[in-house]
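Examination of the molecular architecture
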Amino acid sequence: MKKKIILVIFGIILLLFIMNNLFKDKEIRVRIIPNSNDEVDLKTKEVVKKYVIEYLNKQIATDFDETFKNINNTYKKLENEINNDLGVEASVSFDKHILYNKTYNDTAILNEKCYCLYVVINKGMGDNWWGSVFPKFLATSSDEEVEYKSFLYECYKRMIG
C-alpha cells in the first residue's frame, strides 16, 4: 500500500513538472498595489482596478502571443492614462515577477516567476489585488481573502480520505 501511495505522489509531481514546463510563460497576471490600506487609498485602488480591467479587456486576444504583444506595446500608455486621466500617481511595469503559492477556486497556483502587469500606486505599501489575465481573466473583488495551502498536503489528504 505504501508503494502505491509513493508511486501516486511521484506521478503527481512528475505530471506537475511536465505541465509546468509545457505551459511555461503562457500565463499573464496582474497585480495592483495601493499606496496603503487606508480607506482613501483602497478606494483609489478600486478606481484604478476598474480602469485596468477596461484596459485589459481591450488587450486580450485569443492566443498568448497576441495578448502578450498587445500588453507589452501599450502598458506605458496605460501608466500615462492612470497618471493623467485619473490623476493618480502610479507606475506600471510588464515583466516577470515572482508570485507566491496561492489557492483560488480549489486550484493550486504555484510559486513561480511569470509575466505580470504590475501597477503600483504611489508608494505601494497596501494589500494588493491580483488576477490572471491569460489564459483566464479573473475579475475578483479586492476584499477577497486568499487562503495559502500546501498543494502536496492537499493531495495527500485527498488520497487518505
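About the thresholds
- Residues numbered from 1 in each chain as written.
- Predicted model: local features only at pLDDT ≥ 70, side-chain atom pairs only at ≥ 80, totals over all residues.
- Heavy atoms only, no water.
- Helix = DSSP H or I, 4+ residues; strand = E, 2+ residues; numbered from the N terminus.
- Buried < 20%, exposed > 50% of the residue type's maximum accessible area, 1.4 Å probe, protein only.
- Contact = heavy atoms within 4.5 Å.
- Bend = angle between axes of the 7 residues up to and from the residue.
- pLDDT = per-residue confidence, 0-100.
- Axes fitted to C-alpha atoms, helices over the stretch in contact; angles between N-to-C directions.
- Parallel < 35°, antiparallel > 145°, perpendicular 65-115°, else oblique.
- Left-handed = near helix turned anticlockwise from the far one by under 90°.
- Core = buried A, V, L, I, M, F, W, Y, C linked by side-chain atoms within 4.5 Å.
- Expected span 1.5 Å × (residues − 1).
- Salt bridge = Lys/Arg side-chain N within 4 Å of Asp/Glu carboxyl O.

Remarks on the overall build of the protein
Within the protein, the secondary structure is distributed over four helices and six strands. Ordering the α and β elements of the protein from the N terminus gives α-β-α-α-β-β-β-β-β-α. Within the protein, the proportion of its 161 residues that are buried is 35%. Considering only contacts within the protein whose residues lie at least 6 apart along the sequence, 68% involve residues at least 24 apart.

Topic: unusual backbone geometry
Despite not being glycine, Asn122 has its phi angle at roughly 55 degrees, a positive value. By secondary structure assignment, the location of Asn122 is in the loop between strand S5 (112–121) and strand S6 (129–134).

Some words on helix H3 (residues 64–85)
Residues separated by three or four positions in an α-helix point in the same direction, a consequence of the helix having 3.6 residues per turn. Maximum bend of H3: about 45 degrees, positioned at Thr74. All of the buried residues along H3 are Phe64, Thr67, Asn70, Ile71, Tyr75, Leu78, Glu79 and Ile82. Downstream of H3 by a residue or two, Gly87 has a phi angle that is positive, lying close to 70 degrees.

Considering the confidence of the model for the protein
Here the protein averages 78 in pLDDT, while 65% of its residues score no lower than 70. The model gives residues 139–148 a pLDDT under 50, and that stretch makes 20 contacts with residues more than four places away or in other chains.

Quick word on the packing of helix H2 (residues 39–59) against H3
Remark: H2 packs on H3, axes separated minimally by 10 Å, with the N-to-C direction vectors making an angle of 150 degrees. Taken together, the axes of H2 and H3 lie roughly antiparallel to each other. When you trace H2 past H3, the crossing you get is right-handed. For the pair H2 and H3, the contacting residues are Val48, Tyr51, Val52, Tyr55, Leu56 and Gln59 in the first and Thr67, Asn70, Ile71, Thr74, Tyr75, Leu78, Glu81, Ile82 and Asp85 in the second.

Examining the nonpolar core
Taken as a class, soluble globular proteins show a tendency for nonpolar side chains to be buried jointly. In terms of nonpolar packing, the biggest core is built from 23 residues, with Val52, Ile82 and Leu117 touching the most fellow members. Of all the secondary structure elements, the ones that give two or more residues to this core are strand S1 (28–33), H2, H3, strand S2 (90–99), S5 and S6. No other element matches H2, which puts six residues into this core. What Ile82 contacts, discounting residues up to four positions off in sequence, is Val48, Tyr51, Val52, Gly87, Val88, Ala90, Val92 and Val119.

A look at the side chain of Asp41
Tracing the backbone through its elements, the reader meets Asp41 in helix H2. In contact with Asp41, other than residues within four places in its own chain, are Pro34, Asn35 and Ser36.

Observations concerning H2
Taking 1.5 Å as the rise per residue, H2 with 21 residues should run 30 Å; its terminal C-alpha atoms sit 30 Å apart, in good agreement. For H2, the set of buried residues is Asp41, Lys45, Val48, Lys49, Tyr51, Val52, Ile53, Tyr55, Leu56 and Gln59.

Thoughts on the pattern of salt bridges
By the definition in use, this model includes five salt bridges. The residue Lys69 makes a salt bridge to Glu66 at a minimum N-O spacing of 4.0 Å. Linking Lys69 with Glu66, this pair stays in helix H3, spanning three residues, or about one helical turn. Under the relative-accessibility criterion, Glu66 is labelled partly exposed at 33%.

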